[in-house]
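Coordinates in review
Single-letter residue listing:
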Amino acid sequence: METSAQGAERPDGGGTAGQDPQAVAVAVGASVPGARPPASLSPSRASDFMQCPLLYRFRVIDRLPERPSEAATRGTLVHAVLERLFDAPAVERTAPRARSLVPGQWERLRESRPEVVELFADDPGGERLARWLGEAERLVERWFTLEDPTRLEPAERELFVEAELESGLTLRGIIDRVDVAPTGEVRIVDYKTGKAPRPEYAEGALFQMKFYALVVWRLKRVLPRRLQLVYLGSGDVVTYDPVPADLERVERKLLALWEAIRLATETGEWRPRPTKLCGWCDHQAHCPEFGGTPPPYPLPVRAEASGDGEQGRMGPG
């Protein structure tokens, strides 16, 4: 799970007088201090680029702030509860105990991420917060109908993994849970607080898991035996057993994706891709599809190949 930049008009390519300092830096091929090109790929950022290249730019390069959402914050809270439950001995991993962890983990979340407090700033009586916490408790309780934590001893929880492919591309991510059988077989588990997708969208949901499986395979030389998605919103468990050919296809897809990201980084061409998901985007004010203007591009852009010495265009469109 990513400094704020204000929207501004792009420079017109004329003189530097009165132009934004960031725009001038780009025009002469220098980067803005602190701005760095992408150096690695995670499942979330890969999905961002596939959904909308401009969204990827806003999140990774511009690092525009985003408002916390109730759904995403509830997911973070539930994940924290399920992780902490395994601190207790197996016999004590009960639904009442898990439910009792919710208030404390909410307080810890508020301390570590103060911005989530604004979610309920307009709820002085606490009624909406109480309902929201109740929904988190119900999601936690539903997990006990899908898995039995008294029979589980995870090898890892919230495991950060990172692997560099032969191409030089670095993949990284955080796996919710890794189970290792006595025989050495590995199962990768991910909790989802939403509902299981319809069959036609199942492949997209499995992309993240195959990404993790590829990282583990390249890092440990162990092919995970099973990938498991636990959907707490609908009470479904989806499993998939990968084979080497699956993960090799994912690797090729990621390499092609990274090449597209590299090209966009060098040219400054990050095109928006309008979909129904645009309605939930925090960056409409900066998006040309909604009449907005992206911030000045904070990285140097590659000169056009035409030989006229002009700099490549910045931003989408």
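To keep things clear, this report deals only with the structure shown in the data block.

Basis of the calculations
- Residues numbered from 1 in each chain as written.
- Predicted model: local features only at pLDDT ≥ 70, side-chain atom pairs only at ≥ 80, totals over all residues.
- Heavy atoms only, no water.
- Buried < 20%, exposed > 50% of the residue type's maximum accessible area, 1.4 Å probe, protein only.
- Helix = DSSP H or I, 4+ residues; strand = E, 2+ residues; numbered from the N terminus.
- Contact = heavy atoms within 4.5 Å.
- Expected span 1.5 Å × (residues − 1).
- Bend = angle between axes of the 7 residues up to and from the residue.
- Axes fitted to C-alpha atoms, helices over the stretch in contact; angles between N-to-C directions.
- Parallel < 35°, antiparallel > 145°, perpendicular 65-115°, else oblique.
- Left-handed = near helix turned anticlockwise from the far one by under 90°.
- Nonpolar A, V, L, I, M, F, W, Y, C, P; charged D, E, K, R; others polar.
- Core = buried A, V, L, I, M, F, W, Y, C linked by side-chain atoms within 4.5 Å.
- Salt bridge = Lys/Arg side-chain N within 4 Å of Asp/Glu carboxyl O.
- Pairing = 2+ DSSP bridges.
- Disulfide = S-S within 2.5 Å.

Time to look at helix 2 (residues 43–51). Three or more residues of helix 2 are buried, namely Pro 43, Arg 45, Ala 46, Asp 48 and Phe 49. If you follow the buried residues of helix 2, they end up packed against helix 3 (53–61), strand 2 (170–180), helix 7 (202–220) and helix 8 (244–267).

For helix 5 (residues 95–112), spanning 18 residues, the distance from its first C-alpha to its last is 26 Å, which sits close to the expected 26 Å at 1.5 Å a residue. The sharpest bend along helix 5 measures roughly 30° and falls at Pro 103. Those residues of helix 5 that sit buried are Ala 98, Val 102, Gln 105, Trp 106 and Leu 109. Contacts made by the buried residues of helix 5 are with helix 4 (70–85) and helix 6 (127–143).

Here helix 4 crosses helix 5 at 125°, and the two axes come no closer than 9 Å. Taken together, the axis directions place helix 4 and helix 5 in an arrangement best described as oblique. The handedness of the crossing between helix 4 and helix 5 comes out as right-handed. Where helix 4 approaches helix 5, its residues Thr 73, Thr 76, Leu 77, Ala 80, Val 81, Arg 84 and Leu 85 are matched on the opposing element by Arg 97, Ala 98, Leu 101, Val 102, Gln 105, Trp 106, Arg 108 and Leu 109. In terms of residue class, the contact of helix 4 with helix 5 is built from 9 nonpolar, 3 polar and 3 charged.

As for its placement among the helices and strands, Glu 83 is situated in helix 4. Residues Glu 83 and Arg 177, 94 residues apart in the sequence, show an inter-C-alpha distance of 8.3 Å.

Here the focus is the nonpolar core. Counting residues in hydrophobic clusters, the biggest one holds 47 residues, and the most contacted among them are Leu 41, Leu 171, Ile 188, Leu 254 and Trp 270. Every element with two or more residues in this core is listed here: helix 2, helix 3, strand 1 (156–164), strand 2, strand 3 (186–192), helix 7, strand 4 (226–231) and helix 8. For this core, the leading source of residues is helix 7, giving 11 residues. Not counting chain neighbours up to four residues away, the residues in contact with Leu 171 comprise Leu 41, Val 161, Glu 162, Ala 163, Leu 165, Phe 211, Leu 214, Val 215 and Leu 254. Within the second largest apolar cluster, 24 residues are counted, among which are Trp 132, Val 140, Trp 143 and Tyr 191.

Okay, unusual backbone geometry next. Positioned with a positive phi, Glu 158 is a non-glycine residue whose angle comes to about 45°. Mapped onto the elements of the fold, Glu 158 is located in strand 1. What makes Glu 158 partly exposed here is its relative accessible area of 30%. For Arg 221, which is not a glycine, the phi torsion comes out positive at approximately 60°.

On to the pattern of salt bridges, then. One pass over the structure, following the stated rule, counts 31 salt bridges. The partner of Arg 45 in a salt bridge is Asp 48, and the shortest N-O contact between them spans 2.6 Å. Residue Arg 45 and its partner Asp 48 are located together in helix 2, separated by 3 residues, close to a single helical turn. This pair shows no difference in class: Arg 45 is buried, exactly as Asp 48 is.

Quick look at the pairing of strand 1 now. Pairing geometry for strand 1 and strand 2, over 8 bridges, is antiparallel. Within the sheet, the bridge partner assigned to Glu 164 lies in strand 2 and is Thr 170.

Counted by the stated rule, this structure contains 0 disulfides. Cysteine Cys 52 shares no disulfide, and the gap to the nearest cysteine sulfur, in Cys 287, comes to 6.2 Å. Exposure remark for Cys 287: the relative accessible area of 9% places this residue in the buried category.

The subject of this paragraph is the sheet that holds strand 2. Spatial ordering of the open sheet is given by 1-2-3-4-5, a layout of 5 strands whose pairing is mixed. A strand with exactly one partner marks an edge of an open sheet, and here the two such strands are strand 1 and strand 5 (236–240). Direction aside, the axes of adjacent strands within the sheet are offset by 35° on average. Here strand 2 pairs with strand 3 via 4 bridges, running antiparallel. Bridging across to strand 3, Val 180 finds its partner in Val 186. On the sheet, helix 4 packs against strand 1, strand 2 and strand 3 and is oriented at approximately 105° with respect to strand 1.

Remember, this is a structural readout, not a statement about activity or role.
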